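Coordinates in review
One-letter residues, chain by chain:
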Amino acid sequence: PLQSPGLMFRKALNFRYAVGAFNVNNMEMLQGIVEAARALRSPVILQVSAGARKYAGHDYLVKMVEAAATTDVPIALHLDHGADFEICKAAIDGGFNSVMIDGSHHGFEENIRLTRRVVDYADERGVFVEAELGQLAGVEDDVSAEHSVFTDPDQAVEFVHRTGCHSLAVAIGTSHGAYKFKGAARLDFERLSRIHTLMPGYPLVLHGASSVPAALIEEANRYGAKIEDAQGIPEEMLREATTMGVAKINIDTDLRLAAVMALRRAMAGNPAEFDPRKFFGPVRDAIREIVQHKMKNVLGSAGRA
Ligand code: G3H
Ligand code: 13P
Ligand code: NA
Ligand code: ZN
C-alpha cells in the first residue's frame with residue numbers, strides 16, 4: 001500500500017532530513033529508485049509528470065508503482081506539476097495518493113482559487129496536496145522567466161491558510177533542468193529561513209534540486225554526449241535546505257543524466273550486442289547508484305523507513 005507524504009514529512013521535519021521525490025517514466029528507472037530505497041531503508045516519493053503519463057500511460061505507471069509498493073519501505077505516488085483541476089482529479093481518481101496543483105503562473109487570487117478547489121476534492125479522498133507559490137528561475141514549462149519571482153514569505157503564510165494545501169513549493173533560486181546558473185550558484189536562504197520561521201513544522205518543497213554532477217557530465221561526454229556549461233545545486237546547499245523546513249526535494253535531471261550516461265557507456269562498449277537488456281540493465285544500476293548517493297549523502301533519508 002502507498003504511504004501518505006504527510007506522514008513521511010512529519011518525521012522528516014522532526015529529524016531534519018528530506019524525502020526524495022524522483023520522476024518516473026519507465027520500468028527500469030522506477031526499479032532503480034525503489035531498489036535504492038529498499039537497500040537503504042529510506043522512504044521515497046515516485047512522481048509522475050503530465051509528460052510521463054503521456055509517454056508511459058497512466059495505467060502502466062500506476063500498476064508498476066503498485067508492484068513496487070508491495071515492499072515494506074514507505075512509497076508515495078505523486079502527480080508532479082498538475083496544471084489544472086482536471087489532471088489532479090484524474091490522478092486522484094486513478095490511484096495517486098498525492099498531487100501537486102501548480103498554479104504558480106496564475107495571479108495570487110487565481111492560484112488560491114484553483115488550489116482550494118483541488119484541496120477540497122483531495123481532502124474528501126484522503127489525498128495529499130502540494131501547491132506552489134512564486135516562480136522558479138530559468139525555464140519552467142515553455143514560459144521563460146527572465147528574472148524569477150521568488151516566494152514572498154507573508155504571502156506564503158496567507159496562501160497556506162486560505163488554501164489548506166498540505167505542502168508548499170517555494171521559489172528561492174532553483175530552476176528545472178541542467179543549466180541552473182550562469183555564474184556562481186546562489187540560493188536565497190534568508191527567504192527560506194523566514195518562511196520556515198513563520199510556519200515551523202510545515203513541509204516546504206524544493207523543485208529544481210538536481211546537482212548536475214560534473215563527473216556524470218564528463219563521463220557522458222566521453223561516450224559521445226555534447227553537454228556544455230551544465231550546472232546544478234551544490235549538495236551542501238541541499239543539505240542546508242533540509243534544516244530549514246524543506247521536507248521534499250525534487251530530482252529528475254540527475255536521473256536523466258545518469259540514465260543516458262549509462263546507456264551511452266554500455267552501447268559504446270558493446271557494439272556487437274543487440275539484447276536491449278544489456279543496455280537497459282546498466283541504466284537501472286546507474287539509477288540505483290545515484291539515488292542511493294542522494295539518500296545517504298544529500299537527503300539524509302537513509303535508515304528512516
Ligand atoms: O518539472 C519537470 C520534471 O522535470 C518533469 O519533466 O515534464 O519533461 O516529464 P517532464
Ligand atoms: P530538476 O530538473 O532539477 O531535476 O528538478 C526536477 C523537478 O523539480 C521536478 O518537479
Ligand atoms: Na511535485
Ligand atoms: Zn518541478
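Residues numbered from 1 in each chain as written. Chains lettered and ligands numbered in written order. Predicted model: local features only at pLDDT ≥ 70, side-chain atom pairs only at ≥ 80, totals over all residues. Heavy atoms only, no water.

A tally of regular secondary structure across the chain gives 12 helices and 10 strands. In summary, the chain has a C-alpha radius of gyration of 18 Å against a globular reference of 19 Å for 305 residues, a match within 12%. Taking the principal axes of the C-alpha coordinates as reference, the chain spans close to 60 × 45 × 35 Å. Each of the 305 residues in the chain was classed as buried or not, and the buried ones make up 54%. Long-range contacts, defined here as pairs at least 24 residues apart, represent 76% of the contacts in the chain between residues at least 6 apart. Accessible area of the chain: about 13500 Å², with a carbon and sulfur share of 52%. Each charge sign in the chain was given a centre, from 33 positive and 39 negative side chains, and these centres are 5 Å apart. (Helix = DSSP H or I, 4+ residues; strand = E, 2+ residues; numbered from the N terminus. Rg over C-alpha atoms; globule rule 2.2 N^0.38 Å. Buried < 20%, exposed > 50% of the residue type's maximum accessible area, 1.4 Å probe, protein only. Contact = heavy atoms within 4.5 Å. Areas by Shrake-Rupley, 256 points an atom, 1.4 Å probe, with all protein chains shown as cover. Lys, Arg positive; Asp, Glu negative; His and termini not counted. Charge placed at Lys NZ, Arg CZ, Asp CG, Glu CD.)

Another point: the coordination of the sodium ion (ligand 3). Protein-derived ligands of the sodium ion (ligand 3) are His78 (NE2), Asp80 (OD) and Lys248 (NZ), with the metal-ligand distances lying across 2.5 to 3.1 Å. Read in sequence order, the donor residues coordinating the sodium ion (ligand 3) give the pattern H-x1-D-x167-K. A separation of 5.5 Å is found between the sodium ion (ligand 3) and the zinc ion (ligand 4). You can see aspartate 80 sitting in strand S3 (residues 75-82) and its partner lysine 248 sitting in strand S10 (residues 246-251), a full 168 residues away along the chain. The burial state of aspartate 80 is the same as that of lysine 248; both residues are buried. (Donors = N, O, S within 2.8 Å, 3.2 Å for Na, K, Ca; no water.)

Right, let's talk about the site of ligand 2 for a bit. In the region of ligand 2, 16 residues are neighbours, and Asp80, Lys180, Ser210, Asp252 and Thr253 sit closest. Between an oxygen atom of ligand 2 and a main-chain N or O atom of aspartate 252, the distance comes to 2.7 Å. (Near = heavy atom within 4 Å. Polar contact = N/O pair within 3.5 Å; in protein donor to acceptor, adjacent residues only side chain to side chain.)

Here we take up the coordination of the zinc ion (ligand 4). Every protein donor of the zinc ion (ligand 4) is listed here as His81 (NE2), His176 (NE2) and His207 (ND1), and their distances to the metal cover 2.0 to 2.1 Å. When the donor residues of the zinc ion (ligand 4) are listed from N- to C-terminus, their spacing reads H-x94-H-x30-H.

A few words on the site of ligand 1. Taken together, Asn23, Ser49, Asp80, His81, His176, Asp252 and Arg256 make up the full set of residues near ligand 1. In this structure, an oxygen atom belonging to ligand 1 sits 3.0 Å away from a side-chain N or O atom of arginine 256. Here the shell around ligand 1 is built from residues that sort into no nonpolar, 4 polar and 3 charged. (Nonpolar A, V, L, I, M, F, W, Y, C, P; charged D, E, K, R; others polar.)

Our focus in this paragraph is unusual backbone geometry. The backbone of arginine 16 shows a phi angle near 55 degrees, a positive value even though the residue is not glycine. Take arginine 16: it is sitting in the loop between helix H1 (5-15) and strand S1 (19-23). For aspartate 229, which is not glycine, the phi dihedral falls at a positive 60 degrees. One can find aspartate 229 in the loop between helix H9 (214-222) and helix H10 (235-241).

A pair of packed helices is captured by two measures, namely the crossing angle of their axes and the spacing between those axes. Where helix H7 (residues 153-163) contacts helix H8 (residues 189-198), the two axes come as close as 9 Å, and the packing angle between them is 40 degrees. One element, H7, and the other, H8, form an angle in the oblique class. Viewed along their axes, H7 and H8 form a crossing whose handedness is right-handed. Contacts from Pro153, Asp154, Ala156 and Val157 in H7 reach Arg191, Arg194, Ile195 and Leu198 in H8. Of the residues belonging to the contact of H7 with H8, the class tally is 5 nonpolar, no polar and 3 charged. (Axes fitted to C-alpha atoms, helices over the stretch in contact; angles between N-to-C directions. Parallel < 35°, antiparallel > 145°, perpendicular 65-115°, else oblique. Left-handed = near helix turned anticlockwise from the far one by under 90°.)

If you trace the 8 strands once around the closed barrel, you get S1-S2-S3-S4-S5-S8-S9-S10, paired in parallel fashion. Within the sheet, the average angular offset between the axes of one strand and its neighbour, ignoring direction, is 25 degrees. The sheet contacts of helix H5 (residues 85-93) involve S3 and strand S4 (98-101), and relative to S4 the element is tilted by about 175 degrees. Strand contacts of H7: strand S5 (128-133) and strand S8 (167-170), with the helix running at about 150 degrees to S5, the strand carrying the most contacts. (Pairing = 2+ DSSP bridges.)

Looking at where leucine 77 falls in the secondary structure, it is placed in strand S3. With 159 residues separating them along the chain, leucine 77 and glutamate 236 place their C-alpha atoms 27 Å apart. Setting aside chain neighbours within four positions, we find leucine 77 in contact with Leu2, Leu46, Val48, Val62, Val65, Gly95, Phe96, Asn97 and Ser98.

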